[in-house]
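If you want the building blocks of each chain, they are given just below.
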Amino acid sequence: MSQNFLPPEILELLVDPYAVLGVSVNADERQISKRYHALAKQLHPDNYVNIQTPDKDLARIILTRLINPAYQQLKQEKKRLDTVSTLRLKARSLNPQVITELQKAVNMQIIPMSAQEADFFYEQAIASCTETQYKSLQKSHQVTRYISKLNLVYLSLPKHNTFETQTITTELKSTASKSIVPRPEIPKVTFQLSEDKNSKATPINYAQRHYERAVQYGQQSQWALAVKELRDAIKLEPNNSDHYALLGVVHFQQNFPGMAKVYIRQALKLNPKHPLALKYAALLKIEAIEQSPPKSMGKALGIARLLSRFLSGHDS
């Protein structure tokens, strides 16, 4: 990409301002504003004062010709609704073969998933893209195009026939308080730190701190925040059964039984006698522990790795 101008094919990415900013099509005004200000700070000319780098002009152009126009398009609710409507119509007009090709391009097969699982993986994929999108300005357009493809796949799902832009947090609160299918009565969940003997002898580390914050968020029924903390803990300690067990419980409380089963199974695979995992395995009617990693777990843990390979390779 030239440092002096953006080619027309890159400016065409403004058709999907959500992809340009790197936010979910479910994002609300607060999330969009937060992302914009983070990008504006990252690409601000002051960051390049007295620094001779080819990215200096490129950062300014990306900010003024891509980021700013995208933000102007999304900061008002009416424009957001119009944008999502346009993207949805485009997604619906795609034939099945194109959808299949798009799925391959984003390395995710989300259509066979349940609606709730598709939401989960879509949001996690967007979050992973956000972390890498503008780290390399020369490749930022590739990640943006990747996000645009992901948005089209997501919006092509049948469940979005009555799609309305809303935050994922709102959806989680709604499903947690009012389920479409009546849920069985279960004992009140009491979150507590692991009493595992080995963990007592281990000094507190960053993964443990994420875990403890997740416990606190769980006590406050702030499920989305608990999920974020637990995923950060898993990145640091991918073989800690406590993290998977608690994440399974959190997804259960969000009324995401499919994802709850994935993480409870993984917890039991790591520790077949984990008490919390065993309790929820019974509630979720998990009869046997699979010997190989569940497909959904592989997808969930592989998103970041796929994006890393994508950034180091060529655009699909």
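Residues numbered from 1 in each chain as written. Predicted model: local features only at pLDDT ≥ 70, side-chain atom pairs only at ≥ 80, totals over all residues. Heavy atoms only, no water.

A.B. asks: Sorry if this is basic, but what is going on with the nonpolar core here?
C.D. replies: Nonpolar side chains in soluble globular proteins tend to be buried together. Core analysis: the largest hydrophobic core is formed by 46 residues, its most contacted members being Y18, L21, I32, L43, I62, I67 and L137. If you list the elements that add at least two residues to this core, you get α2 (17-21), α3 (29-42), α4 (55-74), α5 (77-92), α7 (115-132) and α8 (140-155). Tallying contributions element by element places α4 first for this core, with 10 residues. In this view, L43 contacts Y48, A59, I62, L63, I67 and L137; residues no more than four positions away in its chain are not counted. Judged by nonpolar contacts, the second largest core, of 30 residues, contains L247, V250, M259 and Y263. (Core = buried A, V, L, I, M, F, W, Y, C linked by side-chain atoms within 4.5 Å. Buried < 20%, exposed > 50% of the residue type's maximum accessible area, 1.4 Å probe, protein only. Helix = DSSP H or I, 4+ residues; strand = E, 2+ residues; numbered from the N terminus. Contact = heavy atoms within 4.5 Å.)

A.B. asks: Which parts of the structure should I look at to understand the confidence of the model for the protein?
C.D. replies: In low-pLDDT regions, the fine details of the predicted coordinates are not to be read closely. Mean pLDDT over the protein works out to 75, with 69% of the residues at or above the 70 mark. By mean pLDDT, helix α9 (residues 168-177) is the weakest element of the protein at 39, and α2 is the strongest at 96. Ignoring residues within four places in sequence, the model shows residues 192-197, a span with pLDDT below 50, making 9 contacts including any to other chains. A low-confidence stretch, residues 311-316 stays under pLDDT 50, and its non-local contacts, those more than four residues away or across chains, total 13 contacts. (pLDDT = per-residue confidence, 0-100.)

A.B. asks: Looking at this structure, I do not really get the packing of aromatic side chains. What am I missing?
C.D. replies: Remark: the centre distance and the inter-plane angle together describe each pair of aromatic rings, the angle taken between the planes. Scanning all chains against the criterion turns up 4 aromatic pairs. A ring pair is formed by Y36 and Y71, whose centres lie 4.0 Å apart and whose planes are at 5°; its orientation type is stacked. With Y36 in helix α3 and Y71 in helix α4, the pair connects residues that are 35 residues apart, well separated along the chain. Each member of the pair, Y36 together with Y71, is buried. Here Y244 and Y263 contribute two aromatic rings whose centre-to-centre distance is 6.3 Å and whose plane-to-plane angle is 20°, an arrangement assigned as stacked. Note that Y244 is positioned in helix α13 (residues 241-253) and Y263 in helix α14 (residues 257-270), a separation of 19 residues in sequence. (Phe/Tyr/Trp six-rings, centres within 6.5 Å; stacked < 30°, edge-to-face > 60°.)

A.B. asks: Which parts of the structure should I look at to understand α3?
C.D. replies: Every α-helix carries 3.6 residues per turn, so stepping three or four residues along brings you back to the same face. With 14 residues, α3 extends 20 Å between its outermost C-alpha atoms, agreeing within 8% with the 20 Å of an ideal straight helix rising 1.5 Å per residue. Restricting attention to buried positions, one finds in α3 the residues I32, R35, Y36, L39 and A40. Axial view of α3: buried residues confined to an arc of 135°, hence all on one face. What points out from α3, more than 90 degrees from its buried face, is the exposed set R30, K34 and K41. (Expected span 1.5 Å × (residues − 1). Arc of directions from axis to C-beta.)

A.B. asks: Teacher, can you tell me more about unusual backbone geometry here?
C.D. replies: Note: most peptide bonds trans; most residues except glycine with negative phi. With a phi angle near 60°, S221 is a residue other than glycine that sits in the positive phi range. Among the structural elements, S221 can be located in the loop between α11 (206-219) and α12 (223-236).

A.B. asks: Whenever I open this one, the packing of α13 against α14 confuses me. Can you help?
C.D. replies: Geometry of a packed helix pair, given as the angle between the helix axes and the separation of the axes. Viewed as axis vectors pointing N to C, α13 and α14 meet at an angle of 160°, and their least axial separation amounts to 7 Å. Classified by the angle their axes make, α13 and α14 are roughly antiparallel. Here the hand of the crossing between α13 and α14 comes out left-handed. Across from S241, Y244, A245, L247, G248, V249, H251 and F252 in α13, the residues of α14 making contact are M259, A260, Y263, I264, Q266, A267 and L270. Looking at side-chain class alone, the contact of α13 with α14 contains 11 nonpolar, 4 polar and no charged residues. (Axes fitted to C-alpha atoms, helices over the stretch in contact; angles between N-to-C directions. Parallel < 35°, antiparallel > 145°, perpendicular 65-115°, else oblique. Left-handed = near helix turned anticlockwise from the far one by under 90°. Nonpolar A, V, L, I, M, F, W, Y, C, P; charged D, E, K, R; others polar.)

A.B. asks: What am I meant to see in the environment of E229 here?
C.D. replies: Counting through the fold element by element, E229 comes out in helix α12. Given a relative accessible area of 10%, E229 falls into the buried group. When the C-alpha atoms of E229 and V215 are compared, they prove to be 9.2 Å apart, with 14 residues separating the residues in sequence. The contact partners of E229, leaving out residues within four places of it in the chain, are H210, R213, A214 and Y217.

A.B. asks: Hey, could you run me through the packing of α11 against α13 in this one?
C.D. replies: Relative to each other, α11 and α13 sit at 25°, their axes nearing to 11 Å. Viewed along their axes, α11 and α13 adopt a mutual orientation that is roughly parallel. In the packing of α11 onto α13, the handedness of the crossing is left-handed. Of the residues in α13, those touching α11 at A207, Y211, A214 and V215 are D242, H243 and L246.

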